Amino acid sequence: MTQDTTPVLISGGGPVGLVLAMELAGRGVRSILVNTEPTTAVHPQGNTHNARTMEHYRRLGIADRVRAVGLPQDLTTDVIYLTRFTGHEFARIPMPSSTEKKRRIAARDMSFLTPEPIHRSSQFYVETELFAHAETLPEIGLRFGWELIAFDLQDDGVLSTIRNAETGETETIASRWLAGCDGAQGYTRRALEIPYRGEGGDEVAFFIGRMLSVYIDAPGIYDVMKVDRVWQYWTVNGDGRMCIVTLDAKGKFVVLTRYPESGEPDEADIIRDIRNAMGAEIDIEIISVREWTAGNALVADRYGDDRVMLAGDAVHLFTPTGGFGMNTGIEDAVNLGWKFAAVHHGFAPEAVLSTYETERRPIGIRNTQSSRKLASDVATIEVPEALEQDTEEGVRARAELGRHLSGFTEEFASLGIQLGARYDASPLIVADGTNPPPDSAVDYVPSACPGGRAPHVWLDDGASIHDRFGKWFTLLKFGMADTNTASFGAAASAQNVPLDIIDISEQAARDLYQCGFALIRPDHHVAWRGDALPADAAALIRQVSGNNL
Ligand SMILES: Cc1cc2nc3c(=O)[nH]c(=O)nc-3n(C[C@H](O)[C@H](O)[C@H](O)COP(=O)(O)OP(=O)(O)OC[C@H]3O[C@@H](n4cnc5c(N)ncnc54)[C@H](O)[C@@H]3O)c2cc1C
């Protein structure tokens with residue numbers, strides 16, 4: 001049996017494991033990533049890559065290639081509610097195409113409050129890009145087709161056994177840490193015996209309970225449908241409800257529908273139900289079918305033990321409403337990644353890893369609960385009998401339900417969830433006595449109050465302020481070019497904490513940050529801000545890097 005060694009062994013090559021590997025690689029830390037399946041996902045799942053995820057992809061240098069896959073650039077990402085594809089449209093939530101977003105970004109439009117607005121593309125296309133990029137990074141050893149089957153905690157690390165899914169061959173890997181990014185059914189959390197807690201997907205209505213996700217090829221839909229080509233369609237009629245999401249605008253769709261009450265799903269029944277939603281006998285090829293549970297709001301009791309950390313679906317299970325699951329997991333990976341790297345490079349103590357749970361678990365609870373609330377809002381609508389009728393009563397029924405459903409825009413516009421995560425209670429954050437903006441799932445109020453994401457502003461040369469941040473800690477000087485920051489830099493150097501010091505001269509940036517100086521963390525959260533440099537820079541650096549834990 002061969003043995004390999006690596007600072008970090010990652011179990012699970014979904015989006016969260018792949019992003020963790022990239023985050024570590026970008027910080028000069030090697031990892032080996034094992035994934036049971038030989039390839040990235042082949043069944044479409046999520047579609048929403050939120051603004052925060054896209055900001056991280058920008059930092060990792062892959063935002064443009066992620067935006068290029070999936071839907072055509074000029075397809076509007078509208079959501080349409082309709083009785084059937086051959087029936088009546090009765091509500092629409094308009095949303096821009098990629099081309100329109102790019103036009104507004106090129107014009108340095110501030111209305112998105114981010115340089116990287118939300119992006120719609122099926123997760124499986126994006127995972128292919130993540131994998132392709134990870135393959136080019138020499139720090140990452142990709143071992144797809146290999147499964148983690150056991151691990152043992154040692155005094156100075158973890159000894160894991162992996163098995164080749166095809167040949168059965170086993171190997172051991174000695175690592176300093178093990179990261180369990182192996183999803184809901186993954187081995188790592190179960191081996192640690194850490195339970196999920198919260199609300200499960202009880203069978204109450206549509207989009208809560210047992211569901212099917214059906215990947216189909218049915219280009220004939222475009223020949224019969226009476227509405228235009230958009231991103232997402234919800235059919236509502238007396239036979240039931242369905243969510244049909246466009247994958248490529250050529251004929252591939254993913255259909256989310258209830259698990260049949262009659263028991264085992266049968267292909268013929270599924271095709272009949274989809275044709276019903278179409279209102280036409282079109283050809284439908286079923287490529288794959290997966291069962292999933294809607295309505296979950298479950299968070300693991302702990303985010304790891306000792307040298308084994310967990311991230312993504314391994315620690316939180318969402319209902320898909322709002323598209324928060326993978327996105328929350330990606331921010332877990334970013335948080336964990338810089339901390340692993342800081343300890344590996346020797347400028348933070350092992351104890352800093354405990355702040356991963358302190359910072360991320362409350363966000364897991366906040367986001368799962370918001371998602372569940374959004375799901376229950378849409379789960380319980382009454383479908384009026386006249387909805388499909390070509391009568392005055394039918395027109396009235398559609399107008400009424402349309403008004404009701406058009407109000408559910410929060411599902412598609414949750415900027416508070418996307419950008420508003422805060423780490424106020426973290427020992428790595430230095431409070432400045434100001435109040436953070438109120439927490440909201442919908443609204444995000446830009447603020448440099450320590451603990452939150454560093455707000456974005458366009459600078460005079462067309463860059464986002466985020467593009468100026470260094471790889472590790474960054475001290476921003478707002479119109480303070482004349483202030484000597486050598487002693488601050490020396491305090492960081494004395495503790496081997498990597499620091500960039502950047503002058504920002506634009507008044508708009510100073511007005512937004514409301515300070516003379518701000519210290520930004522590697523994950524682009526504000527660690528500290530002040531009008532003057534701190535009296536004891538060494539103590540500040542110790543705190544934000546976890547060296548006083
Ligand atoms: C219908 C639906 C729609 C969704 N829509 C969205 C959305 O729009 N936006 C969003 O953010 N989220 C969405 N989600 C959630 C999202 O798909 C998940 O949160 C995301 O895939 C989690 O990523 P992960 O990397 O943590 O886990 P996974 O994607 O589950 O990946 C885990 C990987 O670990 C591997 N693995 C398991 N055990 C082992 C082992 N022992 N050894 C090695 N490898 C192992 C698995 O093979 C798998 O490849 C949706 C989910 C569903 C069901």
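Just so you know, these numbers come straight off a predicted model, no measurement behind them.

## A look at the overall build of the protein chain
And step 1. Along its length, the protein chain carries 16 helices and 24 strands.
And step 2. Here the C-alpha atoms of the protein chain give a radius of gyration of 24 Å, agreeing with the 24 Å that 2.2 N^0.38 yields for 549 residues.
And step 3. Per-residue burial over the protein chain gives 49% buried out of 549 residues.
And step 4. Within the protein chain, counting contacts between residues at least 6 apart in sequence, those at least 24 apart form 73% of the total.

## Let's talk about the environment of His345
And step 1. Looking at the secondary structure, you find His345 in the loop between helix H9 (325–344) and helix H10 (354–379).
And step 2. Assessed through the 15 C-beta atoms surrounding it within 10 Å, His345 is described here as partly exposed.
And step 3. Separated by 152 residues in the primary sequence, His345 and Val497 place their C-alpha atoms 9.4 Å from one another.

## Quick word on helix H14 (residues 486–494)
And step 1. All of the buried residues along H14 are Phe488, Ala491 and Ala492. In a view along the axis of H14, the buried residues occupy a sector of 95 degrees, so they form one face of it. Every exposed residue of H14 that faces more than 90 degrees away from the buried side is listed here: Ala486, Ser487, Ala490, Ser493 and Ala494.
And step 2. The inward-facing, buried residues of H14 contact strand S21 (473–478), strand S22 (499–504) and helix H16 (537–544).
And step 3. Remark: Asn496 follows H14 within two positions and exhibits a positive phi of approximately 60 degrees.

## Description of the sheet that holds strand S13 (residues 232–237)
Each strand in a sheet pairs with its neighbour through backbone hydrogen bonds, running either in the same direction (parallel) or in the opposite one (antiparallel).
And step 1. Here 7 strands make up an open sheet; going across it, the order is S5-S4-S13-S14-S15-S12-S16 and the pairing mixed. For this open sheet the edge positions go to strand S5 (89–93) and strand S16 (285–294), each flanked by a neighbour on one side alone. Geometrically, the sheet is characterised by an average inter-axis angle of 20 degrees between neighbouring strands, direction not taken into account.
And step 2. Pairing geometry for strand S4 (residues 79–82) and S5, over 4 bridges, is antiparallel. Residue pairing for S5: Leu82 is matched across the bridge by Glu89.
And step 3. Across the sheet, helix H8 (residues 267–278) touches strand S12 (209–217), S13, strand S14 (240–246), strand S15 (252–258) and S16, and the angle it forms with S16 is around 90 degrees.

## Details of the domain arrangement of the protein chain
And step 1. You can read the domains of the protein chain as domain 1 (3–69 + 121–199 + 297–371), domain 2 (72–114 + 209–294 + 381–413) and domain 3 (422–544).
And step 2. Measuring from the centre of the C-alpha atoms in domain 2 to the corresponding centre in domain 3 gives 43 Å.
And step 3. Contact residues are listed per partner, giving 6 residues for domain 2 and 7 residues for domain 3.

## Some points on the site of the ligand
And step 1. Taken together, 35 residues surround the ligand, and among them Gly14, Gly46, Gly183, Gly312 and Gly325 come closest.
And step 2. Listed by contribution, the elements that provide at least two residues to the shell around the ligand are helix H1 (15–26), strand S2 (31–35), strand S8 (146–154) and H9.
And step 3. For the shell around the ligand, the leading source of residues is H9, giving 4 residues.
And step 4. For the shell around the ligand, a count of residues per class yields 11 nonpolar, 20 polar and 4 charged.
And step 5. Two domains each provide a minimum of three residues to the shell around the ligand, namely domain 1 (3–69 + 121–199 + 297–371) and domain 2 (72–114 + 209–294 + 381–413).

## What about unusual backbone geometry?
And step 1. Located in the positive-phi region is Leu113, a residue other than glycine, with phi close to 65 degrees.
And step 2. In this model, Glu193 sits at a positive phi of 55 degrees, which is unusual for a non-glycine residue.
And step 3. Residue position: Glu193 is located in the loop between helix H6 (187–191) and strand S11 (196–199).

## So, the packing of helix H2 (residues 51–59) against H9
And step 1. Interaxial distance between H2 and H9 falls to 9 Å at its minimum, and their mutual angle equals 40 degrees. Considering their axes alone, H2 and H9 lie oblique with respect to each other. Note on packing geometry: the crossing formed by H2 with H9 is left-handed. Touching Arg52, Thr53 and His56 of H2 are Asn327, Ile330, Glu331 and Val334, all from H9.

## So, the sheet that holds strand S20 (residues 316–318)
And step 1. The 3 strands lie next to each other as S11-S17-S20, forming an open sheet whose pairing is antiparallel. Both edges of this open sheet fall to S11 and S20, since each of them pairs with a single strand only. Averaged over neighbouring strand pairs, the angle between their axes works out to 15 degrees when direction is ignored.
And step 2. Relative to S20, strand S17 (residues 297–300) runs antiparallel, the two sharing 3 bridges. For Val299, the partnering residue across the bridge sits in S20 and is His316.

Conventions used here
- Residues numbered from 1 in each chain as written.
- Predicted model: local features only at pLDDT ≥ 70, side-chain atom pairs only at ≥ 80, totals over all residues.
- Helix = DSSP H or I, 4+ residues; strand = E, 2+ residues; numbered from the N terminus.
- Rg over C-alpha atoms; globule rule 2.2 N^0.38 Å.
- Buried ≥ 20, exposed ≤ 12 C-beta atoms within 10 Å, placed from the backbone.
- Contact = placed C-beta atoms within 7 Å.
- Arc of directions from axis to C-beta.
- Pairing = 2+ DSSP bridges.
- Axes fitted to C-alpha atoms, helices over the stretch in contact; angles between N-to-C directions.
- Domains from an automatic or database assignment.
- Near = placed C-beta within 6 Å.
- Nonpolar A, V, L, I, M, F, W, Y, C, P; charged D, E, K, R; others polar.
- Parallel < 35°, antiparallel > 145°, perpendicular 65-115°, else oblique.
- Left-handed = near helix turned anticlockwise from the far one by under 90°.

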